[in-house]
Amino acid sequence: MRAFLLIFSIVSLTASALHAEDITTLSGKTFTGVSDVKAKPDGLTFITATGPVTVKFTDLPQAVRDQYGYDPFAAAVFTAHRNKPQKLALTDAFSLSNLEQAKTKAAAEGKLLGFVMVWDQFFGVVAAPLAKTGGSAGLVHFYQVFNPTLVLVFVRHEAELGLVPDAVKKGFAGPDEGGFAPNLCVTDSTATEYICEIPLGGGKDSDGPKREAVFKAKIEVIKTFLAAHPLTPTATEKISENPVPSKDPAPTPVPAETPAR
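Conventions adopted
Residues numbered from 1 in each chain as written. Predicted model: local features only at pLDDT ≥ 70, side-chain atom pairs only at ≥ 80, totals over all residues. Heavy atoms only, no water. Pairing = 2+ DSSP bridges. Helix = DSSP H or I, 4+ residues; strand = E, 2+ residues; numbered from the N terminus. Contact = heavy atoms within 4.5 Å. Axes fitted to C-alpha atoms, helices over the stretch in contact; angles between N-to-C directions. Buried < 20%, exposed > 50% of the residue type's maximum accessible area, 1.4 Å probe, protein only. Disulfide = S-S within 2.5 Å. Salt bridge = Lys/Arg side-chain N within 4 Å of Asp/Glu carboxyl O. Nonpolar A, V, L, I, M, F, W, Y, C, P; charged D, E, K, R; others polar. pLDDT = per-residue confidence, 0-100.

Colleague: Which residues make up the sheet that holds strand β6 (residues 94-95), and what values go with them?
Modeller: The five strands are arranged β6-β9-β7-β10-β11 in an open sheet whose pairing can be described as mixed. For this open sheet the edge positions go to β6 and β11 (194-198), each flanked by a neighbour on one side alone. Bridge analysis of strand β10 (residues 183-187) against β11 gives four bridges, and the strand direction is antiparallel. Across the sheet, C185 pairs through a bridge with E197, a residue of β11. The strands touched by helix α4 (residues 99-109) within the sheet are β6, β7 (112-118) and β9 (150-156), with β9 carrying the most contacts at an inclination of about 165°.

Colleague: Tell me about unusual backbone geometry, and name the residues and values.
Modeller: With the exception of glycine, most residues fall at negative phi, and the peptide bonds are largely trans. The step from A181 to P182 runs through a cis peptide bond, and the omega angle for that step is 5°. Even without being a glycine, N83 presents a positive backbone phi close to 65°. Exposure remark for N83: the relative accessible area of 30% places this residue in the partly exposed category. Phi at A191 is positive, roughly 65°, even though this residue is not glycine.

Colleague: Quick one: what's the story with the state of the cysteines, residue by residue and with numbers?
Modeller: Each disulfide consists of a covalent bond between the sulfur atoms of two cysteine residues. Considering all chains together, one arrives at zero disulfides under this definition. For the unlinked cysteine C185, the closest cysteine sulfur is that of C196, found at 7.5 Å. Assessed through its relative accessible area of 3%, C196 is described here as buried.

Colleague: Explain the pattern of salt bridges to me, and be specific about the residues and the numbers.
Modeller: This structure, assessed with the given rule, holds twelve salt bridges. Note that E100 is salt-bridged to K103, the shortest N-O span being 3.2 Å. Of the two residues, E100 and K103 both sit in helix α4, three residues apart, roughly one turn of that helix. Since its relative accessible area comes to 52%, E100 is described here as exposed. Judged by relative accessible area, which is 22%, K103 ranks as partly exposed. Note that K111 and E109 form a salt bridge whose closest N and O atoms lie 3.4 Å from each other.

Colleague: Talk me through the environment of M117; I want residue IDs and the actual numbers.
Modeller: Here M117 is to be found in strand β7. By relative accessible area, which is 2% here, M117 ends up buried. Taking the C-alpha atoms as reference, M117 lies 8.7 Å from V153; in sequence the two are 36 residues apart.

Colleague: I'd like a description of the pairing of strand β1 (residues 21-24), backed by residues and values.
Modeller: Across three bridges, the pairing between β1 and strand β2 (residues 30-40) is antiparallel. Counted as the bridge partner of T24 is T30 from β2.

Colleague: Give me the lowdown on the packing of helix α3 (residues 72-80) against helix α5 (residues 135-146), citing residues and values where you can.
Modeller: Two elements in contact, α3 and α5, have axes whose closest approach is 7 Å; the angle formed by their N-to-C orientations is 140°. Judged by residue contacts, A76, V77, T79 and A80 of α3 engage H141, Q144 and V145 from α5. Taken together, the residues of the contact of α3 with α5 sort by class into four nonpolar, three polar and no charged.

Colleague: Tell me what's going on with the confidence of the model for the protein chain, and back it up with residues and numbers.
Modeller: Looking at the protein chain, pLDDT values average 86 and 82% of them are 70 or higher. Here residues 3-18 scores under 50 on pLDDT; set against residues more than four positions off or in separate chains, the count is zero contacts. Across residues 245-260, where pLDDT falls below 50, the model places 39 contacts with residues more than four positions away in sequence or in other chains.

Written out as structure tokens, the structure reads:
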């Protein structure tokens with residue numbers, strides 16, 4: 001019996017060693033002898049000799065992301081669902097006057113463009129992404145879901161609707177726009193091919209669950225496009241997240257809950 005237990009223990013330890021692995025993050029930290037790896041939408045949890053560890057997918061090499069089925073869209077929806085409040089400024093995305101820089105970033109990172117129709121009143125307000133709209137809550141929800149996955153361009157309703165590329169006009173003036181801002185038009189990285197329009201789910205009665213349902217449905221449209229038109233980053237390093245500051249005029253107050261048209 002003792003011999004059997006000894007052999008069983010050796011086999012078990014050998015099996016555990018075979019399943020152990022090393023994981024090195026993009027920031028240069030290496031975890032050795034990793035075991036019990038579990039994937040969440042936004043990262044991995046695993047056990048090391050010193051205890052449990054959580055690492056975001058964004059700090060892991062592409063090969064590891066692929067190995068564990070990383071889906072950046074699912075990760076962004078998951079993160080937004082935590083309902084962390086945020087205050088946005090016009091400079092948190094590209095402005096329409098910086099569109100060429102946005103195109104360069106999209107091409108470099110292998111991403112699509114997302115044009116977000118906004119009112120100036122949405123900015124400078126702390127809002128939780130799942131809260132009932134207020135346009136500020138809707139904008140934070142759009143931002144937390146789509147800023148990690150697209151290159152965003154804010155389009156000011158007050159002055160810029162007539163200045164957007166034709167592919168964006170197709171979304172903003174189309175039947176899916178929904179009549180309320182914020183909403184988002186997705187195009188290719190050159191802003192010449194329309195992909196889909198994402199409305200403010202629920203319109204004037206929008207809230208987190210309604211928006212999330214719309215986001216998930218439209219993400220499937222985006223994924224279908226990407227499956228047929230795979231994007232390859234042209235840069236080896238990620239372009240700065242900080243766009244050139246907008247030179248737009250100062251925000252002009254407008255009535256609350258203003259519809260898009």
